[in-house]
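Structure assessment
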Amino acid sequence: MKTTINSGSIGWESPSNIALIKYWGKKGNQLPCNPSISMSLKNSLSRTLLHYEPKTKENALRFLFEGKRQVLFEQRICKFFESLSDQFNFLNDYQFSISSENTFPHSAGIASSASAMSSLALCLCSMEEEISGKQLSSDDFYKKASLVARLGSGSASRSVYGGFVAWGESPSFSKSSDEYAASFSQYIHPVFQDFQDAILLVSSKQKEVSSSVGHELMKNHPYAMARFSQANVHFERMLGVLRSGDLNDFIQIMENEALSLHGLMMNSTPSYTLLEPNTLELIERIRSFRSSNNIPVGFTLDAGPNIHLMYPKSVGEKVLPFIESQLSHFLEDGRFIMDEKGDGPRKIKI
Ligand code: DP6
């Protein structure tokens, strides 16, 4: 590629997302074994600034997280950049100084690799446009950013879009692909337009198992095939629910997905139990609050003990006092984080 610009600075802000249909198990070059759907968040963001200039030294990448050098993450990004030579053939000619910060606390049950990797992928796509002087169409730009983000972390592929986002091939969604995510922007029922996610912090302990190790567990899992077909069925049903607004079905599928994920971890070899006693206590309380008050509030979980409490904004006035009076004493320091459906990434003006 003929380069026209030597150095520059780019910034992107990109959200984390919470999966409603879980990606668990990968194949080939970071491709999912089943389709997944997530909701992009509004307040839980990574802000990444990337400065590039022509390479003059061997050690060509410096990474600061919240102002401090992070050697481990720096090594992960170096490997990531090396793996991107097919996507960006100019990378080896530049040196980089990258700094990133999150608007949410570490180990709170909010996927930081999704927001971090998607913001970095967006920076690289903008850099390509700057140095080549060629602009992609908006569709192609985000498709490429999603593909690049996926190579960094699977769930990050979904964070380059706002709202409800699907990743992984399915006959029920024509835009779907294993290579990149696509926004599910067809008609979404109004009840989901202002959906809320209250993240209940049961424990901020470091995760016992990384998701990469977790995905590996699916390779020889006795229930792998059953899981992948369950996820396909759930995916198709969830697309229908997002159109119809059927909250009972929504909650049933979402909770089943979360508990299936943890079930798979519990009966993997080796086995992991990431749910804490307080997680189970909260699940009981959420279910009983829902059935006795007829309020559509349900939960989902990532690969950890913290709960994402999901509900339409219209019942927020009832859910908030419920969290404060009946759930908060089971939370670490009574902490929870309020988030909601967001509109996706934003380029930062520098
Ligand atoms: C349980 O995307 O973190 O959150 O591709 O190895 O980076 P890597 O895994 P990652 O896995 C996410 C797993 C999950 C479910 C989901 O987000 O779909």
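If you're wondering where the values come from, they're calculated on a predicted model, not measured in any experiment.

Around the ligand lies a shell of 16 residues, among which Tyr-23, Lys-26, Ser-153, Gly-154 and Ser-155 are the nearest. Here an oxygen atom of the ligand and a side-chain polar atom of Arg-158 are 2.8 Å apart. Within the side chain of Ser-211, a nitrogen or oxygen atom sits 2.8 Å from an oxygen atom of the ligand. Alone, the ligand offers 460 Å² of accessible surface; in the complex the protein occludes 93% of this. At three residues, helix H4 (residues 211–217) tops the list of elements feeding residues into the shell around the ligand.

Here we come to the pairing of strand E12 (residues 307–311). With five of five residues buried, E12 is to be regarded as a mostly interior element. Here E12 shows two buried faces, one formed by Ile-307, Leu-309 and Tyr-311 and the other by His-308 and Met-310. Judged from the five bridges that link them, strand E10 (residues 196–200) and E12 form a sheet pairing that is antiparallel. What sits directly across from Asp-197, in E12, is Met-310. The hairpin formed by strand E11 (residues 298–301) and E12 contains five residues between the paired strands.

On to the domain arrangement of the protein chain, then. Domains assigned within the protein chain are domain 1 (8–188) and domain 2 (191–340). When each unit is reduced to the centre of its C-alpha atoms, the spacing between domain 1 and domain 2 is 24 Å. Summing both partners gives a buried area of about 3600 Å² for domain 1 against domain 2, and 66% of it is carried by carbon and sulfur. Among the residues of domain 1 in contact with domain 2, Leu-20, Lys-22 and Trp-24 are the three that bury the most area, contributing 23% of the side total. The interface formed by domain 1 and domain 2 contains zero salt bridges. One can count 12 residue pairs in polar contact (both at pLDDT 80 or more) joining domain 1 with domain 2. Those elements giving two or more residues to the side of domain 1 that touches domain 2 turn out to be strand E1 (8–21), strand E4 (36–54) and strand E8 (164–167). It is E4 that contributes the most residues to the side of domain 1 that touches domain 2, eight residues altogether. Residue composition of the side of domain 1 that touches domain 2, by class: 21 nonpolar, 12 polar and four charged.

About the cut-offs
Residues numbered from 1 in each chain as written. Predicted model: local features only at pLDDT ≥ 70, side-chain atom pairs only at ≥ 80, totals over all residues. Heavy atoms only, no water. Near = heavy atom within 4 Å. Polar contact = N/O pair within 3.5 Å; in protein donor to acceptor, adjacent residues only side chain to side chain. Areas by Shrake-Rupley, 256 points an atom, 1.4 Å probe, with all protein chains shown as cover. Helix = DSSP H or I, 4+ residues; strand = E, 2+ residues; numbered from the N terminus. Buried < 20%, exposed > 50% of the residue type's maximum accessible area, 1.4 Å probe, protein only. Pairing = 2+ DSSP bridges. Domains from an automatic or database assignment. Buried area = accessible area lost by both parts, 1.4 Å probe. Salt bridge = Lys/Arg side-chain N within 4 Å of Asp/Glu carboxyl O. Nonpolar A, V, L, I, M, F, W, Y, C, P; charged D, E, K, R; others polar.

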